[in-house]
Amino acid sequence: MKEEIKILTPVGMFGYGFPEADFWRGMERGPDAIIVDAGSTDPGPYQLGLGKMIVAPSALERDLRVCLAGVVRARIPLLISSAGGPGIGAHVDATVEMIGRIAKETGQRLKVAAIYSDIKSELVHERFAQGRIVPCASAPQLTAADIDESTRIVAQMGFEPILEVLRAHPDVDVVVAGRSYDPAPFAAFCVLHGLDDPGIYWHMGKIMECGAVCAEPKGSVILATIRKDSFDLEPMSTAERCTTLSVAAHTLYEKTRPDLLAGPGGVLDLGRSRYLQLDERTVRVSGGAFRPSPAYQVKLEGAALAGHRTIFIGGIRDPILIGQIDPFLQGIKARLAAIYPELVSGKARLIFHIYGKNGVMGELEPQKDFVPLEVGILGEVTAQTQELAHAICSNARINVLHTPYPGQMATAGNFAIPLNPPENDIGPVCRFSLYHLMEVDSPLEPFNSRIVEF
Amino acid sequence: MNDKIKHGDRLRDLAKVIRSKNSGPFELTFDVIFSQFEPYLRVKNSGVLTRELVCRLYGVPDHAVVAFMFFDPALAFKFTLRRGWAQGSIGERDTFGAQQHAPLMEIEIPASREARDSRP
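The shown structure was predicted, so the numbers you read here are calculated from the model rather than taken from an experiment.

Enquirer: Explain the overall build of chain A to me, using residue names and the numbers behind them.
Expert: Along the backbone of chain A there are 14 helices and 19 strands. When the backbone C-alpha atoms are referred to their principal axes, chain A occupies close to 80 × 50 × 50 Å. For chain A, with 454 residues in total, the buried portion stands at 49%. Of all intrachain contacts in chain A linking residues separated by at least 6 positions in sequence, the fraction that spans at least 24 positions is 75%.

Next comes the structure, spelled out in structure tokens:
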């Protein structure tokens, strides 16, 4: 059993690209594994709902080629989590297929494990009926309709399914996991090597899954050295450094709070964590504590189709109209509602985004009475069919262009339109239908795997 | 006498990072991070950053504030709001929640008592 292990992470999002020189500098340090996360819900529900990858296949392939060269050269495993972004089975398979193609092309022999986290709606219905599903964070209460409407459902695996594969197949070269708790592959690799303090491996994984984002300036490639009771972080670009502050600040990022981080099986408590500057660019971290939860829960993510969208965009420079823009647009909404009952029933929605006024912050904007020089208007219509969305959007746009208003001097048109055609169908819109915690009978329960050899 | 009533600094003059971002699809989280202990402590001790201020600034009720805290290890102030609209869906304005922080920048922080007392 090793006293220390080293993990190299090339980037916080697989497919975003990373400096190859920094990667190879990291490889020279003799890492025991390359681990990289590919997932996020941040780009929104469309990826899961429509089965889209976050990055283009060519971008994924470029990152994959470099990492596989490292795998073959050093005979160390590459662990990829949340393949494709949403981590659906199709993305796991697409990633495995790409690995196979690269292996064939470069004459590499690779043993690849695929782990799936797609969840059948029957299981979700069953657990929902048993009262074993609760909202995650600030998500709304679940309904049976949310489950039925979900086009795809995945669960974030903990470290256990990845560990099981690593134990069963010690010679595996690449693990391609579906949707995973971001630090899960890091945790699995630590536990495999007997470093089994969850306060250490979860904290390390939480930071490492973002690559060298914890460095100053924010970087890409990072090396972690993990031992029983602490871990060290060092960015592989010599222009970057980890500082006690930059590392401590990392758990603020995209988290509800920085000190209590809930994950599968429990909560990581960083209230007593310690950060020590080892040298100019390296920080040692210790003191994280893990508090197991009474029931083992996995986070479910589901997305449903919310409708079809058509938009128009344009600008207004006329100060007389800008001075009354809110009542003007409200009047158009009322007029459209009288024509399209779907807008009243809620089956269709017409929303104006007024850029220059409150297009970015909407209701959250504290400056309510700001009068801009010009405003940009994005008209957004969503309906059950693309045809209806287009019809409503077209009508709304014509109204914005030609509806008279008090004090009007510019009687030829109200609106500067850059695009032709002025209305554009942009296709399906999704929503997160599931963001809930589901109890499982074992951490392995809903996940399965297969081995492919190239 | 007028000298004593020092014009305060804005938060953007004192902090290194002021940002907003999604924390999952149903929350927006806000971070104010300092690079030095002194301005951090000045802001923390000023009592200006309160739940009430956050609610007033963003026009949200108190129960929408799901976290509100100072985090000494990172010299940081953080609060998290329930998202009032669905992320990346109909009516979205800020998919990543990355541009909701601006009103925090202009918050005025009075000079610390020490700073006032030490001036001639």
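Still more ground to cover, so stick around.
Enquirer: Describe the interface of chain B and chain A, listing the residues and the values that go with them.
Expert: Taken together, the contact pairs 39 residues of chain B with 41 residues of chain A. Of all the secondary-structure elements, those providing two or more residues to the side of chain B that touches chain A are strand E2 (17–22), strand E3 (27–33), helix H3 (51–58), strand E4 (65–71) and strand E5 (76–82) of chain B. Tallied by class, the residues present in the side of chain B that touches chain A amount to 17 nonpolar, 14 polar and 8 charged.

Enquirer: Which residues make up the sheet that holds E5 of chain B, and what are the values?
Expert: What holds strands together in a sheet is hydrogen bonding between their backbones, with the strands either parallel or antiparallel. Residues and elements named next belong to chain B. The antiparallel open sheet is built from 4 strands, whose spatial order is E2-E3-E5-E4. At either margin of the open sheet sits one strand with a lone partner, and together these are E2 and E4. Neighbour to neighbour, the strand axes of the sheet diverge by 10° on average, direction disregarded. Along the sheet, H3 contacts E4 and E5; its crossing angle with E4, the most-contacted strand, is approximately 130°.

Enquirer: Report on the sheet that holds strand E11 (residues 266–269) of chain A, specifying residues and quantitative values.
Expert: Residue and element names in this part refer to chain A. Read from one edge of the open sheet, 3 strands run E10-E11-E14, paired in antiparallel fashion. With one partner strand each, in any of the chains shown, strand E10 (260–263) and strand E14 (289–292) form the two edges of the open sheet. Between one strand axis and the next, the sheet turns through 25° on average, direction left out of account. Where E10 and E11 come together, 4 bridges link them in antiparallel fashion. Considered in E11, the bridge of Ala 262 is made with Val 267.

Enquirer: Run through the confidence of the model for chain B, naming residues and quoting values.
Expert: Residues and elements named next belong to chain B. Of the residues in chain B, 87% have a pLDDT of 70 or more, and the chain-wide mean is 89. Counting contacts from residues 1–5, a segment whose pLDDT is below 50, to residues more than four positions away or on other chains yields 1 contact. What the predictor reports for the complex is a pTM of 0.92 with an ipTM of 0.92.

Thresholds, definitions, all that
- Residues numbered from 1 in each chain as written.
- Chains lettered and ligands numbered in written order.
- Predicted model: local features only at pLDDT ≥ 70, side-chain atom pairs only at ≥ 80, totals over all residues.
- Helix = DSSP H or I, 4+ residues; strand = E, 2+ residues; numbered from the N terminus.
- Buried ≥ 20, exposed ≤ 12 C-beta atoms within 10 Å, placed from the backbone.
- Contact = placed C-beta atoms within 7 Å.
- Nonpolar A, V, L, I, M, F, W, Y, C, P; charged D, E, K, R; others polar.
- Pairing = 2+ DSSP bridges.
- Axes fitted to C-alpha atoms, helices over the stretch in contact; angles between N-to-C directions.
- pLDDT = per-residue confidence, 0-100.

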